[in-house]
Amino acid sequence: MKNIHAPFRQALILVLGLFLALSMRAQSSDSFLLVQTLPLPATFATTDNLGNLYILGPDNALEKYNAEGRRLARYSNNRLGPATSVDAANPLKLVIWYAEFRTVVFLDRSLTELGTLLLDAAGFDLVRNVAMSFDGNLWVYDEALFKLKKISPEGLTLFETPALNQLLTLPPTADGLKEIGNQVYLADQRQGVFVFDQYAALLTTWTDKSKDFYAVEGRQYFLTDTALRIRTTRPFMETNVVLPEVVNEKSRFRLNEQRLLIWDERGVRVYRVP
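Residues numbered from 1 in each chain as written. Predicted model: local features only at pLDDT ≥ 70, side-chain atom pairs only at ≥ 80, totals over all residues. Heavy atoms only, no water.

Undergrad: Describe the overall build of the protein, naming the residues involved and giving the relevant values.
TA: Assigned secondary structure in the protein consists of two helices and 24 strands. Counting only residues that meet the buried cut, the protein has 50% of its 274 residues in that class. Taken as a whole, the protein presents about 14300 Å² of accessible surface, with 56% of it coming from carbon and sulfur. (Helix = DSSP H or I, 4+ residues; strand = E, 2+ residues; numbered from the N terminus. Buried < 20%, exposed > 50% of the residue type's maximum accessible area, 1.4 Å probe, protein only. Areas by Shrake-Rupley, 256 points an atom, 1.4 Å probe, with all protein chains shown as cover.)

Undergrad: Please give an account of the pairing of strand S11 (residues 138–142) that cites residues and values.
TA: If a strand is regular, its side chains alternate between the two faces of the sheet. Among the five residues that make up S11, five are buried, leaving the element largely enclosed by the rest of the structure. On S11, burial covers both faces: Leu138, Val140 and Asp142 on one face and Trp139 and Tyr141 on the other are all buried. Judged from the three bridges that link them, strand S10 (residues 130–132) and S11 form a sheet pairing that is antiparallel. When the bridges of S11 are listed, Val130 appears paired with Val140. Note: S11 against strand S12 (residues 147–151), five bridges, orientation antiparallel. Bridge pairing in S12 places Leu138 opposite Ile151. Hairpin remark: S11 followed by S12, antiparallel, with four residues in the connecting loop; positive phi at Phe146, about 60 degrees. (Pairing = 2+ DSSP bridges.)

Undergrad: Lay out the sheet that holds strand S16 (residues 192–197) with the relevant residues and their values.
TA: The sheet built from four strands is open, its strands ordered S14-S15-S16-S17 with antiparallel pairing. Sheet topology places strand S14 (176–180) and strand S17 (202–206) at the edges, where each strand pairs with a single neighbour. For this sheet, the mean inter-axis angle between neighbouring strands, taken without regard to orientation, is 20 degrees. Both strand S15 (residues 183–188) and S16 contribute to a ladder of six bridges, which runs antiparallel. Following the sheet pairing, Val184 is matched in S16 by Phe196. (Axes fitted to C-alpha atoms, helices over the stretch in contact; angles between N-to-C directions.)

Undergrad: Mind laying out the sheet that holds strand S6 (residues 85–87), listing which residues take part and the relevant values?
TA: Taken together, four strands build an open sheet; the order of strands is S6-S7-S8-S9 and the sheet is antiparallel. Each of the sheet's edge strands pairs with one partner strand only, and the pair in question is S6 and strand S9 (113–118). Strand-to-strand twist of the sheet, defined as the mean angle between neighbouring strand axes without regard to direction, takes the value 20 degrees. In this sheet, strand S7 (residues 94–98) lies alongside S6 in antiparallel orientation, the contact comprising three bridges. The residue of S7 that forms the bridge with Asp87 is Val95.

Undergrad: Would you mind going over a nonpolar patch on the surface in detail, with residue names and values included?
TA: Taken together, the side chains of Leu158, Phe159 and Tyr199 present a nonpolar region at the surface, about 300 Å² in accessible area. Mapping Tyr199 onto the fold places it in the loop between S16 and S17. (Patch = residues over 30% accessible without salt bridge, like charges linked within 9 Å, V, L, I, M, F, W, Y side chains within 5 Å. Salt bridge = Lys/Arg side-chain N within 4 Å of Asp/Glu carboxyl O.)

Undergrad: Lay out the environment of Ile180 with the relevant residues and their values.
TA: Position of Ile180 among the secondary structure elements: in strand S14. We classify Ile180 as buried; its relative accessible area is 10%. Along the backbone, Ile180 and Asn256 are 76 residues apart, and their C-alpha atoms lie at a distance of 9.6 Å. Ignoring sequence-local partners within four residues, the contact set of Ile180 consists of Tyr185, Tyr214 and Ala215. (Contact = heavy atoms within 4.5 Å.)

Undergrad: Just give me the short version of the nonpolar core, but keep the residues and values in it.
TA: The biggest cluster of nonpolar side chains holds 26 residues, and the ones touching the most others in it are Leu62, Ile96 and Val268. Those elements that provide at least two residues to this core are strand S2 (44–47), strand S3 (53–56), strand S4 (61–65), strand S5 (71–76), S7, strand S8 (103–107), strand S23 (259–264) and strand S24 (267–272). Counting 24 residues, the second largest nonpolar core, distinct from the first, contains Ala187, Trp206, Leu228 and Val247. (Core = buried A, V, L, I, M, F, W, Y, C linked by side-chain atoms within 4.5 Å.)

Undergrad: Give me the lowdown on the side chain of Ser210, citing residues and values where you can.
TA: For Ser210, the location among the structural elements is in the loop between S17 and strand S18 (212–216). Engagement of the side chain of Ser210 in a polar contact is seen with the backbone oxygen of Asp212, the distance being 3.0 Å. Among all residues touching Ser210, those that are not within four sequence positions of it are Gln189, Phe222 and Leu223. (Polar contact = N/O pair within 3.5 Å; in protein donor to acceptor, adjacent residues only side chain to side chain.)

Undergrad: Give me the side chain of Ser133: which residues, what numbers.
TA: Inspection of the secondary structure assignment puts Ser133 in the loop between S10 and S11. Only 2.8 Å separates the side chain of Ser133 from the side chain of Asp135, close enough to count as a polar contact. Those residues in contact with Ser133 that lie beyond four places of it in its chain are Asn90, Leu138, Trp139, Lys150, Glu179 and Gln198.

Undergrad: With reference to specific residues and values, describe the environment of Thr239.
TA: Counting through the fold element by element, Thr239 comes out in strand S21 (residues 236–242). A C-alpha to C-alpha distance of 8.1 Å links Thr239 and Leu228, two positions 11 residues apart in sequence.

Note that all results are geometric; they support no functional claim without further evidence.
The following block contains the structure:
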């Protein structure tokens, strides 16, 4: 009798497991959680891993807020044109990128200026995005030479890729650049995401096209206009989670570790990512 019922029990376990997985996927559609709202106009916003929020305002000033919405610090610099973005992956050493003047400003956690780097003067003529490294150095993608480079705060090249136009059929453009953990991610909205190690060696390419992305230990996140696509590798599964609010052409996004930021004329909203 045991042998007769064993296949039935195995089939029942398989069906129950599939039902549980589908239930979890269905529940994830409403699993965004609004954790912070600031009714402040912003041109860019991001968070660090300590829960602080950084906002670039229309006045070109950077302001830092804690998780309760209290302003902690402010930095303003109107000599370098409009600030483009902020990288707060390392909350002890932040980077403000002034793309018009191709200048990087380094700040400490109190938003006190530590120094600047003029990429033109350092020999980097065509750079659209920069990313802070955990060790205090900087990642840039030189689109004139098609090379991803890790450079010091003084502009000295530490590591670099070979010319990617010789390795790839179509070399990437730097629509986004992030260091996450011990890997570097270069996003091209036409092709996907190119993944490199800490020594600028190309590891793999994801063909997913998205407005923004993030990755953490077996999970990859890709942001579209309407949903967040979450892919797990062990076991392999993909889930589309509808965004927590309707967005329009004025909405801007930033996807960080466990945080989705959306900002527009109404202000900045921070959601916990499922």
